[in-house]
Structure formats: C-alpha cells, structure tokens
Amino acid sequence: MALLPVLTAPNPRLKIKAEPVERVDEEVRRLMDDMLETMYASDGMGLAATQVGIDKRIIVIDLHAGENGKPPRVMKLANPEVLWASEETAFVDEACLSVPNLYAAVGRPTSIKIRYLNEHNKLVEIEEDGPLARCIQHEIDHLDGILYIDHLSRLKREIMVRKLMKARKY
Ligand code: NI
C-alpha cells in the first residue's frame, strides 16, 4: 500500500470531472486500498480519487474513522450514482481534507438512494440517511469537481479560500 498526496483548494485539478471505471479489477482495488490508507493517515472519513489527482469515479469512506472503540465501517464505491434524494434537507457542518482545518454548514438532502460497483465489481443499490448519506454526497461531489465550499455563498467561499492560501504561506 502507498500514501498518496492529497490536493488542496484552490488546486484546479480538484475541478476535473472524473470518468467512470470500466470495471473494478485488481488495479482499482489497489487504488481503493491506497486511498483508504491515505484517508486514515490524514484523519479523514472519506476520500475521492479526484483529491489524489486521479480522475476516476472512485470513493472510499469509513464513517467510524477517528471514533475510538467503534469498529470500522468501510465502504469502497466505484461509479456511485444518486438515484433518488429526499426533499427534506438539513444544514450540518462539513470538513474536507482538500480544505484543511476549516468547516462550514452545508445544506443537503437527508436521505439518498444510490447505485455503485463495490470492490468485487458487483452492482449494489442502497438507501442511506444521516451522516453516511451526507458523506456519500460530499464525496460524489468531488468526482464532479465540486467542493463543499462551492455550496456556500460566494463571499463565504472567497473568505475560506483566502484563509487556506494564507495558512499555506506560513
Ligand atoms: Ni472532501
């Protein structure tokens, strides 16, 4: 396994729309494992391939990452698609490894139904709600070149990007 460099905003590669994978083979599985290792090393709970500069529609999530005593709840998804989203939305704080040390509340549907290929190349459909539904939507956004700060007002987003760039100088 290998640690991959995580891109941070405003890197233009984070804006690239990722391409579907043809199938989940050994190479994709290896990438999923490297992404998971990178995510744990960075104290994240989700990571999209876009964030490590790979334009493939792959995401990994461990909803219990960083929660001591809880067993891992790992998901590895290729080509995830939202089939349905609830009308009900909620505003909850989000953070992102590509927007380090900041957070902001984002409005998203509270429940979703998705379809994806799992690590065994099997097509799976699931319904999720709560933090996992939010995390999946956040990561799918990455595959479409969207950061959570893109959901904020322009003023708020510009303030956050300025903070990021300032933090990087020191
Ligand atoms: Ni993120």
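The preceding data block contains the structure.
Residues numbered from 1 in each chain as written. Predicted model: local features only at pLDDT ≥ 70, side-chain atom pairs only at ≥ 80, totals over all residues. Heavy atoms only, no water.

### What to know about the environment of D43
Thought 1: With respect to the helices and strands, D43 occurs in the loop between α1 (26-41) and β1 (46-48).
Thought 2: Taking the C-alpha atoms as reference points, D43 and L97, separated by 54 residues in sequence, lie 8.4 Å from one another. (Helix = DSSP H or I, 4+ residues; strand = E, 2+ residues; numbered from the N terminus.)

### Here we look at unusual backbone geometry
The bulk of non-glycine residues show a negative phi, and the bulk of peptide bonds are trans.
Thought 1: The linkage connecting A9 with the following residue, P10, adopts the cis geometry, with an omega of 0°.
Thought 2: The topology assignment puts P10 in the segment before α1.
Thought 3: Its identity is not glycine, yet N79 carries a phi of approximately 50°, on the positive side.
Thought 4: Residue placement: N79 occurs in strand β3 (residues 74-85).
Thought 5: Backbone geometry places N121, a non-glycine residue, at a positive phi of 65°.
Thought 6: Along the polypeptide, N121 turns up in the loop between β6 (111-117) and β7 (123-129).

### Some points on the state of the cysteines
Every disulfide links exactly two cysteines, by a covalent bond between their sulfur atoms.
Thought 1: One pass over the structure, following the stated rule, counts 0 disulfides.
Thought 2: This cysteine, C135, is not joined by any disulfide, and C96 carries the nearest cysteine sulfur, 9.9 Å off.
Thought 3: Of the residues examined, C135 reaches a relative accessible area of 6% and is grouped as buried. (Disulfide = S-S within 2.5 Å. Buried < 20%, exposed > 50% of the residue type's maximum accessible area, 1.4 Å probe, protein only.)

### A closer look at the coordination of the nickel ion
Thought 1: Distances from the nickel ion to its protein donors, namely C96 (SG), H138 (NE2) and H142 (NE2), fall within the range 2.1 to 2.2 Å.
Thought 2: Mapped onto the sequence, the residues coordinating the nickel ion show the spacing C-x41-H-x3-H. Placement of C96 in strand β4 (residues 89-96) and of H138 in helix α2 (residues 130-143) is noted, with a sequence separation of 42 residues between them.
Thought 3: Residue C96 is classed as buried on the basis of its relative accessible area, which comes to 8%.
Thought 4: Accessibility expressed as a relative area gives 6% for H138, which makes it buried. (Donors = N, O, S within 2.8 Å, 3.2 Å for Na, K, Ca; no water.)

### Some thoughts on the pairing of β6
Thought 1: Buried residues dominate β6, accounting for 5 of its 7 residues.
Thought 2: Looking at chain direction, β3 and β6 are connected through 5 bridges and run antiparallel. Opposite A78, over in β6, you have L117 as the bridge partner.
Thought 3: Bridge analysis of β6 against β7 gives 7 bridges, and the strand direction is antiparallel. Each bridged residue has a counterpart across the sheet, and for R115 the counterpart in β7 is E125.
Thought 4: With antiparallel pairing between neighbouring strands as the criterion, β6 and β7 make up a hairpin whose turn holds 5 residues, including N121 at a positive phi of roughly 65°. (Pairing = 2+ DSSP bridges.)

Purely spatial values, then, with no claim about function.
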